[in-house]
Amino acid sequence: MDGYIFDFDGTLANSGSTGILATKAAFQQFNLSIPSEERINYYTGIPIEKSFKKMAADHIFKEEEFEALLSAFREYYKVYEQENLTLFPHIKGVLQNLYHSGKRLYVVSSKHSTALKRNLEFLEIASYFEGVIGSDQVKNYKPAPDGVLYIVKQYGLSTKQTVMIGDAIFDIQMGKAAGIQTCAVTWGAHDATELAAQQPNFLIEQVDELLDL
């Protein structure tokens, strides 16, 4: 492979309980039924603009109320991320190896680009990535292929030599919809059985296996 497009949360970084704590705090602030940790984890792979409406399906939002909920989540996330956000073991070494081998690295995330870039800098891996796309930079969110298609076109990548790497079924669905290779990793949100059902080109359990794609 020449081009590596990574998801962020659950693939590169372990945000621990950050997303869960921030979601519960935001829902509580707006007197909404608080979703379970399992439900929050399941929807980690898609933007909060979509996942929050699914997790609060019994509530009809006014536009300004929903925007306020999203803003509250982002503020809570900032508070919790400093204590919880870490790289998965060996990720930095693998990125360094790929980068110095001449591979081209990118990130396509469901996270807002401001938070995504802040997190990449905090984890000291921002310099390895040629392009970074957040949820606010695409018209259609995961599993739609918009983010991947933008990267492929913008940077002149070969679809046959580019792989989407992610821990959620939505990442694999996005990569497939964009017509590129897909690699599911089992150390994040969704388990191996769920991921295998999406028929990715690669299914890996160890971070170092990324060097063999």
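Rules used throughout
Within each chain, residues carry numbers counting from 1 in the order of the written sequence. Totals for whole chains, interfaces and linings use all residues, but because this is a predicted model, local features are given only for residues with pLDDT of at least 70 and pairs of side-chain atoms are given and counted only at 80 or more. Just so you know, side-chain values use all the structure's heavy atoms and leave hydrogens and water out. Residues enter a nonpolar core if they are buried and are Ala, Val, Leu, Ile, Met, Phe, Trp, Tyr or Cys, with the set joined through side-chain atoms within 4.5 Å. We call a residue buried when its accessible area falls under 20% of the maximum for its residue type, exposed when it is over 50%, and partly exposed in between, using a 1.4 Å probe and counting protein chains only. The way it works is that DSSP assigns letters per residue, a run of H or I at least four long becomes a helix, a run of E at least two long becomes a strand, and they are numbered from the N terminus. A contact between two residues is defined here by any heavy atoms of the two lying within 4.5 Å. Criterion used throughout: strands pair if DSSP finds at least two bridges between them. All axes are obtained by fitting lines to C-alpha atoms, using only the stretch in contact for helices, and the reported angles, taken between N-to-C directions, cover 0 to 180 degrees. What the arc covers is the set of directions going from the helix axis to the C-beta atoms. An angle counts as roughly parallel when it lies under 35 degrees, as roughly antiparallel when it exceeds 145, as roughly perpendicular when it falls between 65 and 115, and as oblique in every other case. The sense of a crossing depends on the near helix, which, turned anticlockwise from the far helix by less than a right angle, makes the crossing left-handed and, turned clockwise, makes it right-handed. Note that Gly is not counted as nonpolar here; it falls among the polar residues with everything else outside the nonpolar set of Ala, Val, Leu, Ile, Met, Phe, Trp, Tyr, Cys and Pro and the charged set of Asp, Glu, Lys and Arg.

- An unreviewed UniProt entry lists the chain under the name HAD family hydrolase, with Lactococcus formosensis as the source organism.

**Digging into the nonpolar core**
- Of all hydrophobic cores here, the largest spans 30 residues; its most connected members are Phe-6, Phe-129 and Leu-210.
- At the level of elements, β1 (3-6), α5 (91-100), β4 (104-108), α6 (113-122), β6 (162-166) and β7 (181-185) are the ones that each hand at least two residues to this core.
- Per-element tally for this core: the top contributor is α5, with four residues.
- Leaving out residues up to four positions away in the same chain, Phe-6 has contacts with Thr-11, Leu-12, Leu-95, Leu-98, Leu-105, Tyr-106, Val-107, Val-108, Phe-129, Met-164, Ile-165 and Leu-210.

**A look at the side chain of Ser-15**
- Mapped onto the secondary structure, Ser-15 falls in the loop between β2 (13-14) and α1 (18-29).
- In this structure Ser-15 comes out as buried when scored by relative accessible area, which is 14%.
- With residues near it in sequence (within four places) discarded, Ser-15 still touches Asp-9, Tyr-77, Asn-84 and Leu-85.

**Quick look at the pairing of β6**
- Of all five residues making up β6, five are buried, and the element is well covered by its neighbours.
- Every second residue of β6 is oriented toward a common face, with Thr-162, Met-164 and Gly-166 on one face and Val-163 and Ile-165 on the other, all of them buried.
- Bridge analysis of β6 against β7 gives four bridges, and the strand direction is parallel. Bridge pairing links Met-164 to Thr-182 in β7.

**Concerning the sheet that holds β7**
- Sheet architecture is open: six strands sit in the order β5-β4-β1-β6-β7-β8, paired in parallel fashion. Edge positions in the open sheet fall to β5 (131-133) and β8 (202-204), since each of these has one partner strand only. Strand-to-strand twist in this sheet, taken as the mean axis angle between neighbours without regard to direction, amounts to 20 degrees.
- Here β7 pairs with β8 via three bridges, running parallel. Across the sheet, the residue bridging to Cys-183 is Phe-202, located in β8.

**Digging into helix α7 (residues 146-154)**
- When α7 is considered as a whole, its buried residues turn out to be Gly-147, Val-148, Ile-151 and Val-152. Buried residues of α7 fall within an arc of 130 degrees about the axis and therefore sit on the same side.
- The secondary structure elements touched by the buried residues of α7 are β1, β4, β5, β6 and α8 (169-178).

**What to know about the environment of Leu-12**
- For Leu-12, the position within the fold is in the loop between β1 and β2.
- Judged by its relative accessible area of 0%, Leu-12 falls in the buried class.
- Beyond its immediate stretch of four places on either side in the chain, Leu-12 contacts Phe-6, Asp-7, Leu-87, Phe-88, Ile-91, Leu-95, Val-107, Ile-125 and Phe-129.

**Some remarks on the packing of helix α4 (residues 63-84) against α6**
- Taken N-terminus to C-terminus, the directions of α4 and α6 make an angle of 15 degrees; their axes are 12 Å apart at the nearest point. Put simply, α4 runs roughly parallel to α6. Of the two elements, α4 crosses α6, and the hand of that crossing is right-handed. On α6, the residues touching Tyr-77, Lys-78, Glu-81 and Gln-82 of α4 are Arg-118, Asn-119 and Phe-122.

**Things to note about the packing of helix α3 (residues 48-55) against α4**
- Taken N-terminus to C-terminus, the directions of α3 and α4 make an angle of 110 degrees; their axes are 11 Å apart at the nearest point. Between α3 and α4, the crossing angle belongs to the class labelled roughly perpendicular. Contact residues: α3 offers Ile-48, Glu-49, Phe-52 and Lys-53, while α4 offers Phe-66, Leu-69, Leu-70, Phe-73 and Arg-74.
- Here the residues of the contact of α3 with α4 are counted per class, giving six nonpolar, no polar and three charged.

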